[in-house]
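Structure at a glance
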Amino acid sequence: MTKALISIDYTYDFVADDGKLTAGEPAQAIAQKIAEVTQEAYEQGDYIFFTIDAHDENDPFHPESRLFPPHNIKGTSGRHLYGPLADFYAERKADSRVFWIDKRHYSAFSGTDLDIRLRERGVDTLVLTGVLTDICVLHTAISAYNLGYKIEVVADAVASLTDEAKSFALNHMVTALGAKII
């Protein structure tokens, strides 16, 4: 079994109090756990993928522009990783097992080369962390399921705007996608 940890959108805009689309306290509460899980995966020899929203300012054609305020705009500090995860990436961004992938849609697979990179490395199991559990994490899990990957979700390293939204997404990933909650 070859694993990759997929860290989804744990950025300033999604986590900080003044972030453009912040999950606030629930997302801030997982800062230490998400960093620990990422470090542990790295120490076990797993691949680490940071899949991060990269939006163009004033893109009226992007579907999210009708649903959410502008966030994770290219070239802004809103796209910087938040908390201790930022330190992890800064120290290892040149490592051959650590990757940064810009994404435009909820799923980390949509319009990216994530699947190709994973298959090239023989990855069959994905460990998901990040925000928002019920949007980008869930859509990434659905894509992973459809592509045949085994899915693990670290419950204490994902967050949503509400506990209900997080519970719904975790339950859906277990019952409809066969995900393992760890």
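Higher on the page you've got the structure.
Residues numbered from 1 in each chain as written. Predicted model: local features only at pLDDT ≥ 70, side-chain atom pairs only at ≥ 80, totals over all residues. Heavy atoms only, no water.

What follows covers the nonpolar core. Counting 57 residues, the largest nonpolar core has I6, F49, F50, L118, L126, L128 and M173 as the members making the most contacts within it. Top element by residues in this core is strand β5 (residues 150–159). It accounts for 7 residues. With near-sequence residues (within four places) excluded, L126 lies in contact with A4, I6, F109, L118, A144, Y149, K150, I151 and E152. (Core = buried A, V, L, I, M, F, W, Y, C linked by side-chain atoms within 4.5 Å. Buried < 20%, exposed > 50% of the residue type's maximum accessible area, 1.4 Å probe, protein only. Helix = DSSP H or I, 4+ residues; strand = E, 2+ residues; numbered from the N terminus. Contact = heavy atoms within 4.5 Å.)

The next thing to look at is the packing of aromatic side chains. Applying the stated criterion across every chain, the model contains 10 aromatic pairs. With 6.5 Å between their ring centres and 50° between their planes, Y12 and Y82 make a pair best called tilted. With Y12 in helix α1 (residues 12–15) and Y82 in the loop between β2 (47–53) and α4 (84–92), this residue pair connects regions lying 70 residues apart in the sequence. With relative accessibility at 31%, the residue Y12 sits in the partly exposed group. Overall, the relative accessible area of 22% leaves Y82 in the partly exposed class. Ring centres of Y89 and W100 lie 5.1 Å apart, and the angle between their planes is 50°; on these two criteria the pair is classed as tilted. With Y89 in helix α4 and W100 in strand β3 (residues 98–103), this residue pair connects regions lying 11 residues apart in the sequence. Classification of W100 as partly exposed rests on a relative accessible area of 27%. (Phe/Tyr/Trp six-rings, centres within 6.5 Å; stacked < 30°, edge-to-face > 60°.)

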